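# Close look at the chain arrangement
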Amino acid sequence: MEYIKGTTAFKIEEPTVLSLGKFDGLHRGHELLMDYMFQKKQEGLKAVVFTFDIPPRKSVNHVAAKVLTTNEEKSQLFEKIGVDYLIECPFTKEIMCMEPELFIEYMVNQLNVKCMVVGKDFHFGHNRRGDYHMLRQYASKYGYEVEVVDKMQEDGRDISSTFVREQIVAGNIEKANELLGYRYFVEGTILHGKKMGKAVLGIPTINLIPPDEKLLPPFGVYFSVTEWDGKIHPGITNIGCKPTVEGKNPVGVETHIFDFDEDIYGKEVKVSFITKIRAEKKFESLEDLKKQMSHDVALGKQYFRENQG
């Protein structure tokens, strides 16, 4: 996949099928869009996804929006499913104020678009005045087809990034994973911590600090799997700020990988969440914390024995 970012001067000469949107989370609701795209790809068109490098509402409303997937995570997901080009366009004032028809012309000319695949809720152009009706209106003028895809539903409502986000904030990880079609995850570089896990508690852990923009599940302990070097390792993960440990601790993701003793400091790993065990709490002593962690580990190992990871 070719990943084009940081510029509005993108250009693709090959004929393309294009889908546009934020695609935060790349959840099951996006699957139908991708299915239509890949049908057209089988007909010889290159599959192109166009998105912005930040959530537009953050730029417009000055809201510090948390995302389900960072730009880097999103690019990995798109590459994995077989997208040919991912365009991450800066949300400049010029783009924000572009009239809808001019935006259509810009897309068609820059990306050689032969087909656009969008959902019924897709809007574009200045003040979001453009919609799928307008795409159809100008299709013959600019020489492209339009595929408008109905929303996939679950529990009587549209599957959307908002729906997924609500479940994560509520700690309903199983439901969020069901809506996503994969386990919700955090990626990052393993950092050196205070080494208390192994030295004091006898339970070694790896630590990563998630990106500021990443939405985290509620503070607590989760069954998890850690992906590193192409392998999946079961374990348990604490999200929080370690209230039992003295001092001010940043919010982090701390994972104990079962039966694992490799040195992976400085390595990139992916930690995926399965279900919540308990909320984070402050214990009276480190000994009480050690007892609880030992119990959590035993629960985790039992879970993975019964569920085969």
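Residues numbered from 1 in each chain as written. Predicted model: local features only at pLDDT ≥ 70, side-chain atom pairs only at ≥ 80, totals over all residues. Heavy atoms only, no water.

### Quick look at the overall build of the chain
Scanning the chain for helices and strands turns up 11 helices and 14 strands. Each principal axis of the C-alpha atoms in the chain carries an extent, and together these give about 75 × 40 × 40 Å. The buried share of the chain, reckoned over its 309 residues, is 51%. Sequence-distant contacts in the chain: of pairs separated by 6 or more residues, those separated by 24 or more amount to 74%. (Helix = DSSP H or I, 4+ residues; strand = E, 2+ residues; numbered from the N terminus. Buried < 20%, exposed > 50% of the residue type's maximum accessible area, 1.4 Å probe, protein only. Contact = heavy atoms within 4.5 Å.)

### Describing the pairing of strand β5 (residues 113-119)
The element β5 is extensively covered by neighbouring structure, given that 6 of its 7 residues are classed as buried. Summarising the sheet, strand β2 (residues 16-20) and β5 pair through 4 bridges and their orientation is parallel. Of the residues in β5, the one forming a bridge with Leu18 is Met116. Strand direction decides the pairing type here: β5 and strand β6 (residues 145-149), joined by 5 bridges, are parallel. In the sheet register, Val118 faces β6, and the bridge partner there is Val148. (Pairing = 2+ DSSP bridges.)

### Thoughts on the sheet that holds strand β13 (residues 252-257)
Pairing in this open sheet of 6 strands is antiparallel, and the strands run β9-β14-β11-β12-β13-β10 from one edge to the other. Whereas interior strands pair on both sides, the edge strands pair on one side only; in this sheet they are β9 (185-189) and β10 (206-208). Neighbour-to-neighbour, the strand axes of this sheet turn through a mean angle of 35 degrees, independent of strand direction. Here 9 bridges tie strand β11 (residues 220-228) to strand β12 (residues 231-240), and the two strands are oriented antiparallel to one another. (Axes fitted to C-alpha atoms, helices over the stretch in contact; angles between N-to-C directions.)

### Details of the packing of aromatic side chains
Across all of its chains, the model carries 16 aromatic pairs by this definition. Ring plane angle 85 degrees and centroid distance 6.5 Å describe the contact between Trp228 and Phe260, whose orientation is recorded as edge-to-face. Here the residue Trp228 occupies a position in strand β11, and Phe260 occupies one in the loop between β13 and β14 (268-279), the gap between them amounting to 32 residues. Each member of the pair, Trp228 as well as Phe260, is classed as buried. (Phe/Tyr/Trp six-rings, centres within 6.5 Å; stacked < 30°, edge-to-face > 60°.)

### Some points on the packing of helix α8 (residues 161-169) against helix α9 (residues 173-180)
Two quantities define a packed helix pair, namely the angle between the helix axes and the distance between the axes. Taken N-terminus to C-terminus, the directions of α8 and α9 make an angle of 160 degrees; their axes are 7 Å apart at the nearest point. It follows from the interaxial angle that α8 and α9 lie roughly antiparallel. Here the hand of the crossing between α8 and α9 comes out left-handed. On the side of α8, the interface is formed by Phe163, Val164, Gln167 and Ile168, while α9 contributes Lys175, Ala176, Leu179 and Leu180. By residue class, the composition of the contact of α8 with α9 is 6 nonpolar, 1 polar and 1 charged. (Parallel < 35°, antiparallel > 145°, perpendicular 65-115°, else oblique. Left-handed = near helix turned anticlockwise from the far one by under 90°. Nonpolar A, V, L, I, M, F, W, Y, C, P; charged D, E, K, R; others polar.)

### What to know about the side chain of Lys270
If you trace the backbone, Lys270 turns up in strand β14. For the buried residue Lys270, which engages in no salt bridge, the nearest side chain bearing the opposite charge is Glu227, 4.1 Å off. Discounting chain neighbours no more than four positions away, the residues touching Lys270 are Phe185, Val186, Glu187, Val225, Thr226 and Glu227. (Lys, Arg positive; Asp, Glu negative; His and termini not counted. Salt bridge = Lys/Arg side-chain N within 4 Å of Asp/Glu carboxyl O.)

Such coordinate-based values are descriptive only and should not be taken to indicate function.
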